[in-house]
Amino acid sequence: SLRVTLSASTIELNNFDYVKITVTDKSGNDITSTCNLLLNNNTAISSKYVPTMIGTFNIKATKGTAPSEVKSLTVTSKSASPFTKKILVEDCTGAWCGYCPRVAYALEQYKPTHPNCISLAVHGGSSGTDPYKFLYYPTFNSHFAVAGYPTAIINRKSEWSEDPAELDAALLGWAPLGLAINSTVSGTNITGSVKVKFNVTTEKSMKLVIALVENELVYPQTNYYSAQYGATPYLYGGVSPVTNFVHNGVLRKTSTDLFGDAIPVTAQTKNGVYELPFTIPVTGTVYGGVSYTAVPTKCAIIAFVVDGSAGTTTNAGAYNVQYAAVGSTKDFD
């Protein structure tokens, strides 16, 4: 009496793709919402089932004593992603912070041999002099429970202990999507778009963040890893301040919400592409109200897609990241 239809008989185990299960009665009416769905006759599942293990399973429906068809579903291991997995490290730092050179140095040592590690610096601090304090750094710090400086966050999910092995492990992740960026300079604005291409079909909540960062900003950096503070090993020549310290990846502003703009679920289909245009002025203010003008030739766009359920126990952090110098085009890779 109960006919069961699966949207696919084979699916990959990737924590995103799902099988849609539809139940109809003998008259062809869709009665899925009134039925119980069972996997292998004992595990209740939803009508949009995301597999949790590899194997072949039976799916049936129950409604009272009505007999049901049994359909077979094969779950295979996930195939290689067409997109390179990249990771994001957000360094909460300050030019006034004597301990902060430690994280900057660690990233400088790691990134040249790991180009898929993309970092940006969120300058802040309630005291101390720093001309690059991000306008909304208190909101950022509150959201991610930043308790002190330096604090580095991997993929908007976990605090980095500064062990390179943690970054290595994150880079081994599987990419469910890729990003492409293009931008041009038009007067005092940087205009362009970010594209997100999906390798899965999913209804998970996802958000896109588009950020402008500026590189090659020179300003003295307090350095506690110096002779005058008795610290070893010395960093940056063992002097403090480091007068010619180069600050890279300084977060200037975002064209989206700081925590991302929602991607329509209807766009999150395998091989589907979602595009979001942006316009970012090169002028702005830092925290405290002082104005700045970013130099486009020293700027880059960083775009990343994050789990839209951030703040919950199921938060998966950033799914993938992309970096492109302003005025260039970076395709899906």
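Attention in this report is confined to the structure presented alongside it. (Residues numbered from 1 in each chain as written. Predicted model: local features only at pLDDT ≥ 70, side-chain atom pairs only at ≥ 80, totals over all residues. Heavy atoms only, no water.)

### What about the environment of Y319?
Then, in step 1: In this fold, Y319 is placed in strand β24 (residues 318–325).
Then, in step 2: Sequence separation between Y319 and R156 is 163 residues; the distance between their C-alpha atoms is 9.8 Å.
Then, in step 3: Excluding anything up to four places from it in sequence, Y319 contacts F16, K85, P176, L177, K204, M206, V305, V306 and D307. (Helix = DSSP H or I, 4+ residues; strand = E, 2+ residues; numbered from the N terminus. Contact = heavy atoms within 4.5 Å.)

### Some thoughts on the nonpolar core
Then, in step 1: Within the largest apolar cluster, 31 residues are counted, with the highest numbers of intra-cluster contacts made by L208 and V305.
Then, in step 2: Elements supplying a minimum of two residues to this core: β13 (177–186), β14 (189–198), β15 (206–214), β20 (273–281), β23 (299–307) and β24.
Then, in step 3: Setting aside its immediate chain neighbours within four residues, L208 contacts L179, V194, V196, T256, G260, D261, I263, Y274, L276, A303, F304 and V305. (Core = buried A, V, L, I, M, F, W, Y, C linked by side-chain atoms within 4.5 Å. Buried < 20%, exposed > 50% of the residue type's maximum accessible area, 1.4 Å probe, protein only.)

### Quick look at the side chain of E214
Then, in step 1: When you line up the elements, E214 lands in strand β15.
Then, in step 2: Apart from residues no more than four positions distant in its own chain, E214 is found in contact with H247, N248, G249, V250, R252, A294, V295, K298 and C299.

### Regarding the sheet that holds strand β1 (residues 3–6)
Then, in step 1: Spatially, the three strands line up as an open sheet ordered β1-β3-β6, and their pairing is antiparallel. This sheet does not close on itself; its edge strands, each paired only once, are β1 and β6 (48–49).
Then, in step 2: Pairing geometry for strand β3 (residues 19–24) and β6, over two bridges, is antiparallel. If you follow K20 over to β6, its bridge partner there is K48. (Pairing = 2+ DSSP bridges.)

### Here we look at the state of the cysteines
Defined simply, a disulfide is a covalent bond joining two cysteines at their sulfur atoms.
Then, in step 1: Per the counting criterion, the structure on display carries one disulfide.
Then, in step 2: The residue that forms a disulfide with C97 is C100, at a sulfur-sulfur distance of 2.3 Å. Looking down the S-S bond of the C97 and C100 bridge, the torsion is 85°, so its handedness is right-handed. Pair check on accessibility: C97 and C100 agree, each one buried.
Then, in step 3: For C92, which is in no disulfide, the shortest distance to another cysteine sulfur is to C100 and amounts to 9.0 Å.
Then, in step 4: Taking the relative accessible area as the measure of exposure, C92 reaches 0% and is therefore buried.
Then, in step 5: Free cysteine C117: the closest other cysteine sulfur is in C92, separated by 15 Å.
Then, in step 6: C117 sits in the buried class, given a relative accessible area of 2%. (Disulfide = S-S within 2.5 Å.)

### Looking at the pairing of β1
In summary, the side chains of a regular strand alternate between the two faces of the sheet.
Then, in step 1: Of the two faces of β1, the one holding V4 and L6 is buried and the one holding R3 and T5 is not buried anywhere.
Then, in step 2: As paired strands, β1 and β3 are joined by four bridges and run antiparallel to one another. Following the sheet pairing, L6 is matched in β3 by I21.

### Details of the sheet that holds strand β5 (residues 43–45)
Then, in step 1: Overall, mixed pairing links the five strands, which are arranged β2-β8-β7-β4-β5 in an open sheet. If you trace the sheet from one side to the other, it starts and ends with β2 (10–13) and β5, each paired once. Neighbour-to-neighbour, the strand axes of this sheet turn through a mean angle of 35°, independent of strand direction.
Then, in step 2: Both β2 and strand β8 (residues 70–77) contribute to a ladder of four bridges, which runs parallel. Each residue of the ladder has a partner; that of I11, found in β8, is V75. (Axes fitted to C-alpha atoms, helices over the stretch in contact; angles between N-to-C directions.)

### A short note on unusual backbone geometry
Then, in step 1: For the peptide bond that leads from Y149 to P150, omega is -5°, which places it in the cis range.
Then, in step 2: Here P150 is to be found in the loop between α2 (137–143) and β11 (151–154).
Then, in step 3: Of note, the amide linkage connecting T232 to P233 takes the cis form, showing an omega dihedral of 0°.
Then, in step 4: Relative to the assigned elements, P233 resides in the loop between β16 (217–218) and β17 (246–247).
Then, in step 5: For A145, which is not glycine, the phi dihedral falls at a positive 55°.
Then, in step 6: Along the polypeptide, A145 turns up in the loop between α2 and β11.
Then, in step 7: Located in the positive-phi region is N155, a residue other than glycine, with phi close to 50°.
Then, in step 8: Within the fold, N155 resides in the loop between β11 and β12 (158–159).
Then, in step 9: On the basis of relative accessible area, N155 is assigned to the buried category, the value being 9%.

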